[in-house]
Every structure is written in C-alpha cells, then in structure tokens.
Amino acid sequence: MMNEEVRTIMTTDVVTAHPFQSVGDVAKVMLRQQLQQLPVVDATGHLVGLITSYDMWRDVRRNRNSENRTVGEVMNTHVVKLTPKDKVGTAAELFMDRRFKTLPVVNLRGELKGVVTAFDVIRYSLRKEYREPILYREVLL
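Because the structure is predicted, anything quoted here is derived from the model rather than measured.

**Some details on the overall build of the protein**
- Helix and strand content of the protein: 6 helices and 4 strands.
- Start at the N end of the protein and walk to the C end: the helices and strands fall as α-β-β-α-α-α-β-β-α-α.
- Projecting the C-alpha coordinates of the protein onto the three principal axes gives extents of approximately 50 × 35 × 25 Å.
- Per-residue burial for the protein yields a buried fraction of 37% across its 141 residues.
- Summarising the internal contacts of the protein: among those between residues at least 6 apart in sequence, 55% fall at separations of at least 24.
- Accessible area for the protein stands at about 9300 Å²; split by element, carbon and sulfur atoms hold 51% of it.
- Of the side-chain charges in the protein, 21 are positive and 17 negative, and the distance between the mean point of each set is 2 Å.

So, in structure tokens, the structure goes:
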C-alpha cells in the first residue's frame, strides 16, 4: 500500500517564499493561507530552504526587528526532501521519525516540483482502506 510514488499524492500548486522577501510579508501569507511552513525557492525555482512558523517565532525572540529581516536570514537550509519517485512509505517514515509536517519534493536538478504533507499520507491511507468516506462526507470529498 505504501509503495506508490510520492508524485501520486503530492501537491503541485505550492505556495512558496523567496529568500529576499521580508519575514513580515511571508508571515501574512502564511496566516492568510493557514500554512505553517513554506518552501523557499530561488529565481530559477530551485529549493534553497524552508521557512516555518517555528523559525519565525524563534527569530522574533532573538531579534526585535525580525519582521523586516529577509526569509534568507531566517530560513532553514538543512532541508530533508523527497523526489517524485520516492515511495509514500518513505514519506510516512520521515513524518513519524522526524516529526515533519511537510516535505518538499524536488527533481534531480533540485527544482521544486511539489510538497507532500502528513495529511496527504493519512488521506491516501484512508482512501486505500475505505473507498467512500465513513463520516464527514462533505469534508473529505
């Protein structure tokens, strides 16, 4: 069941941030879109980092002017990522072992192709077991 490729469940319409954007602007986007993390890409679409609400919270505690700092100054550059051909089971293991919520999916050139979330894996697993929603039909469809 977990042998399917990540590309079958990943989101390809991804909200991203850029290293030169201000943390304040990105925080507004994250609040508006209800996101806790954003992949950070350069002008050519290559993944260069990940910025999370935790990164921003930590930076605010250290820097009074955090809102005006750039994403590049605050983002995490040590990002665990997947390729589209990695297995859903690999993503599930990373979510369990590392307590990630989102994993960027990149091609072999490092270009961002999508993201897979823990929710994507849960939804995939549930739909494999139950073709029709058990409860809350209007939410899951």
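There's more to say after this.
**A closer look at the nonpolar core**
- Residues Leu82, Ala91, Leu103, Val116 and Val121 are the most contacted members of the largest nonpolar core, which totals 14 residues.
- Residue assignment for this core shows that the elements contributing at least two residues are α4 (88-98), β3 (102-106) and α5 (118-129).
- Among the elements that make up this core, the one with the highest residue count is α4 (5 residues).
- Apart from residues no more than four positions distant in its own chain, Ala91 is found in contact with Leu82, Leu103, Val116 and Val121.
- Within the second largest apolar cluster, 11 residues are counted, among which are Val23, Met30, Leu38 and Val74.

**Considerations on the environment of Arg7**
- Within the secondary structure layout, Arg7 lies in the segment before α1 (23-33).
- Beyond its immediate chain neighbours, meaning those up to four positions away, Arg7 contacts Pro84 and Lys85.

**A look at the packing of α4 against α5**
- Following both chains from N to C, one finds α4 and α5 inclined at 125 degrees, their axes separated by 10 Å at the closest point. By the angle between their axes, α4 is oblique relative to α5. Pair α4 / α5 crosses with left-handed handedness. Listed contacts from α5 to Val88, Ala91, Ala92 and Phe95 of α4 are Ala118, Val121 and Tyr124.

**Quick look at the confidence of the model for the protein**
- In the predicted model, the protein carries a mean pLDDT of 90, and the fraction of residues at 70 or more is 93%.
- Mean pLDDT per element in the protein: helix α6 (residues 137-140) is the minimum at 55, and strand β4 (residues 112-117) is the maximum at 97.

**Concerning α4**
- Within α4, burial applies to Val88, Gly89, Ala91, Ala92, Leu94 and Phe95.
- Buried positions along α4 lie against β3, β4 and α5.
- Arg99, located one to two residues past α4, shows a positive phi value of around 60 degrees.

About the cut-offs
Residues numbered from 1 in each chain as written. Predicted model: local features only at pLDDT ≥ 70, side-chain atom pairs only at ≥ 80, totals over all residues. Heavy atoms only, no water. Helix = DSSP H or I, 4+ residues; strand = E, 2+ residues; numbered from the N terminus. Buried < 20%, exposed > 50% of the residue type's maximum accessible area, 1.4 Å probe, protein only. Contact = heavy atoms within 4.5 Å. Areas by Shrake-Rupley, 256 points an atom, 1.4 Å probe, with all protein chains shown as cover. Lys, Arg positive; Asp, Glu negative; His and termini not counted. Charge placed at Lys NZ, Arg CZ, Asp CG, Glu CD. Core = buried A, V, L, I, M, F, W, Y, C linked by side-chain atoms within 4.5 Å. Axes fitted to C-alpha atoms, helices over the stretch in contact; angles between N-to-C directions. Parallel < 35°, antiparallel > 145°, perpendicular 65-115°, else oblique. Left-handed = near helix turned anticlockwise from the far one by under 90°. pLDDT = per-residue confidence, 0-100.

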